[in-house]
Amino acid sequence: MNPEERITELTNRLNQYNYQYYQNSVSVVDDFTFDQLLTELTSLETQYPQFRQPDSPTARVGGTISKEFKTVFHRFPMLSLGNTYSEEDLIEFDKRVQKGLNGQNYEYICELKFDGVALSLTYENGVLIQGATRGDGVRGDDITNNIRTIRTVPLRVGGTDVPPLFEVRGEGFLPLAEFERINKEREDIGDALLANPRNAASGTFKQQDSGAVAKRRLDCFLYSFLSDVDIFQTHEESLVAMNQWGFNVSQTWQKCADIRDVMHYINEWETKRFDLPLGTDGIVIKVNRYDQQRDLGFTAKSPRWAIAFKYKALAASTVLNGIQYQVGRTGAVTPVALLTPVLLAGTIVKRASLHNANEIERLGVMMHDTVFVEKGGEIIPKITSVDLSRRTDQSQSIIYPTTCPACGTPLVRKESEANFYCPNERGCPPQKQARFEHFIQRRAMNIESLGEGKIELLIDRGLVQTPADLYNLTASDLLGIEKIFIDEESGKKRVVSFREKTVENILTAIERSKAQSFPDVLFGLGIRYVGNTTAEKLAVYFGSMDAIMNAGQEELLAVPDTGPRIAESVIAWFADEDNRDFVERLRLAGLQFVSEKKVVEQEGDTLTGKTFLYTGTFANFSREELESRIEANGGRLLSGISKKLNYLIVGENAGPSKVEKARKLNVPMIGEDEFMAMLVV
Ligand code: IVH
């Protein structure tokens, strides 16, 4: 099979697997095989870019950087919907429809109103050619590359009934579970939390690095079909067809014979909507027949054939009995409200998030107050207000602690930060424990067999002080130790013990962790603001722990997406003697301190004998791609600027000191286009 045929075959096969997996939840092949085929396709596409298919699944992993999004005009304006909040309003709407249709029969389609970002996707000859935001309704941003990262958006649709040009519209969103996952990660590295799933989705869709977008698993529900040719008579037909063509159509829609049926739908979904994977804030009611939609037409802003019904936020009132102050890995103290259990939207709520000291002040809440809790787009409910009419003399002011609830150290508050911090990084027990948990997590050193109380036990027994001590543990240290934990909430006992098999598993996992890649090790160090992605970017840019340790501000700032906050944090972390000592002990233990060199398949020899270095970011290549293209064509990468350097490839946001040095040494500087021209014989 020649490369072109193989590329086509792999593209089709992988798209088919993706479709089965995301639409039908069927895994046709295991993850390993899938990844292998995808790697093969990626490498073939790098070698033969001319054969890359427009619906290549490699677009799912992103990689393109857009400096600015292109503005695109919508072929049909993207309007908004009128809102209603009551049954009476809905009856009014129904009367207007009835009158507008002069007594004809009509039906409605009810759908949930998904709380995300409106998107428009255009397909030409079955291929996704454009994805855009709503913008002002007339023109939006072209975010095609970001939309391609959404696994459930088909990159190509087939079938004889698919029109040559059409548009589908829907709501892009960040699934709640993904939102919680991202926030957990952000909390772990001490980053500010994302406010809510909607803002998080909107911010993600507008990121300029589609690789970063791919890391957040966005999703999209489609609910409108538009084309110049009339192929459907009703909205219902379009929903069924879109679903058949492979679009992700939420199966929550329902046909309703009249407005009473609509009311049933509204009541049914008032609490059921909380089981959905995304936030919803109401329902959308649409006249089913397209000819009737046309007859009813539009006002200046919205269609007369559709309306949104907004649910009132579901709230319950309960009593605030206490506040638990939790200390995280970075020392941030977060208050959690302890409530008298209350039923809210089908679940019992006992705890609510209070965020930080500012929030307590903003709410003006006192201990023993009756408060309202609401379920919004997030999983954890929040206190939204105080029922002042029920305040009694029992209520007491909340005195925010001035010392750490865990270790007694006076808390500090950094300028411009909402949280108080416990500065006792090394001695404070929850911080110490969380540092271990961070280190052993799957995405860092992957020693998760040490979870669930085992770390606590090792710390308790004085067997480990820092995660570096894990590498000195022996079987005789561990065998036979045990501790009984009592669960605070349920009062249940749990015994954690180190029997022979457990010890063997743990020691094997510790040994195996030495093979974790350099970016994983860097992430595991637990430097504030250095999450997985940042660790990867730093590792790719610098190549080794030593290079990062010795990097100055300017060099760090030259790393893509690295701002002063990260740069300062990295410098401060490595300036600390204890941290350096920790790093040296990890080095001695044999952890990976340099980036693996990838085996590069040869593409050509046009760069043979030439040396290169690059600075900045590029429109057509990620740094890794640039490096592999240099090597695949016979060139060699140098680590610094010297007289031996033949070319400095200069991209966007190039490091000024590198450019200056190259100028002084008369090293030729070339742009990305010139470099690409060198690849062609
Ligand atoms: S149909 C003419 N259906 O609500 C407008 N919109 O206020 C047709 N939305 O911009 C929109 N779920 O972002 C429609 N099932 C649904 C929806 C939905 C959420 C959003 C959409 C739109 C806004 C209108």
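1. Quick look at the site of the ligand
Around the ligand lies a shell of 13 residues, among which Glu111, Leu112, Phe114, Glu171 and Tyr223 are the nearest. In the environment of the ligand, a nitrogen atom lies 3.0 Å from a nitrogen or oxygen atom belonging to the backbone of Leu112. One nitrogen or oxygen atom from the side chain of Lys286 is found 3.0 Å from a nitrogen atom belonging to the ligand. Notes on the ligand: free accessible area 510 Å², of which the protein chains cover 87%. Secondary structure elements with two or more residues in the shell around the ligand: strand E3 (108-114) and strand E10 (280-287).

2. What to know about the packing of helix H3 (residues 87-100) against helix H9 (residues 259-272)
Running from amino to carboxyl end, H3 crosses H9 at an angle of 145 degrees, the nearest separation of the two axes being 11 Å. Crossing of H3 over H9 shows right-handed handedness. When H3 is examined against H9, the residues Glu87, Leu90, Ile91 and Asp94 are found in contact with a partner set consisting of Ile259, Val262, Met263 and Ile266. Each residue belonging to the contact of H3 with H9 can be placed in one class, and the counts come to 6 nonpolar, no polar and 2 charged.

3. Side note on a negative patch on the surface
On the surface, Glu87, Glu88, Asp89 and Glu92 cluster together into a patch of negative charge. Relative to the helices and strands, Glu87 resides in helix H3.

4. Structural notes on helix H12 (residues 429-440)
Taking 1.5 Å per residue, 12 residues should reach 16 Å; H12 reaches 17 Å between its end C-alpha atoms and fits that length. Residues of H12 that are buried in the fold lie against helix H5 (176-188), strand E12 (315-327), helix H13 (454-460), helix H16 (518-524) and helix H21 (577-589).

5. Overview of the sheet that holds strand E7 (residues 165-173)
Within the open sheet, the 4 strands sit side by side as E5-E4-E7-E8. Their pairing is antiparallel. Each edge of the open sheet carries a strand with a single partner, namely strand E5 (127-133) and strand E8 (219-226). Taken over all neighbouring pairs, the strand axes of this sheet differ in orientation by 30 degrees on average, direction set aside. As judged from the 7 bridges shared by E7 and E8, these two strands associate in the antiparallel manner. For Arg169, the partnering residue across the bridge sits in E8 and is Ser224. Of the strands in this sheet, strand E4 (117-124) and E7 touch helix H6 (residues 197-205), which is tilted by about 40 degrees from E4.

6. Side note on a nonpolar patch on the surface
Nonpolar side chains collect at one region of the surface, where Ile484, Ile486 and Val495 lie side by side and expose about 300 Å² of accessible area between them. When you line up the elements, Ile484 lands in strand E18 (residues 482-486). Judged by its relative accessible area of 49%, Ile484 falls in the partly exposed class.

7. Concerning the pairing of strand E11 (residues 306-310)
Buried residues dominate E11, accounting for 5 of its 5 residues. The alternating pattern of E11 places Ala306, Ala308 and Lys310 and Ile307 and Phe309 on opposite faces, both of which are buried. The sheet contact formed by strand E2 (residues 83-84) and E11 spans 2 bridges and is parallel. In the sheet register, Asn83 faces E11, and the bridge partner there is Ala308. In terms of strand pairing, E10 meets E11 through 5 bridges, oriented antiparallel. Its bridge partner lying in E11, Lys286 is registered against Ala306.

Calculation notes
Residues numbered from 1 in each chain as written. Predicted model: local features only at pLDDT ≥ 70, side-chain atom pairs only at ≥ 80, totals over all residues. Heavy atoms only, no water. Near = heavy atom within 4 Å. Polar contact = N/O pair within 3.5 Å; in protein donor to acceptor, adjacent residues only side chain to side chain. Areas by Shrake-Rupley, 256 points an atom, 1.4 Å probe, with all protein chains shown as cover. Helix = DSSP H or I, 4+ residues; strand = E, 2+ residues; numbered from the N terminus. Axes fitted to C-alpha atoms, helices over the stretch in contact; angles between N-to-C directions. Left-handed = near helix turned anticlockwise from the far one by under 90°. Contact = heavy atoms within 4.5 Å. Nonpolar A, V, L, I, M, F, W, Y, C, P; charged D, E, K, R; others polar. Patch = residues over 30% accessible without salt bridge, like charges linked within 9 Å, V, L, I, M, F, W, Y side chains within 5 Å. Salt bridge = Lys/Arg side-chain N within 4 Å of Asp/Glu carboxyl O. Lys, Arg positive; Asp, Glu negative; His and termini not counted. Charge placed at Lys NZ, Arg CZ, Asp CG, Glu CD. Expected span 1.5 Å × (residues − 1). Pairing = 2+ DSSP bridges. Buried < 20%, exposed > 50% of the residue type's maximum accessible area, 1.4 Å probe, protein only.

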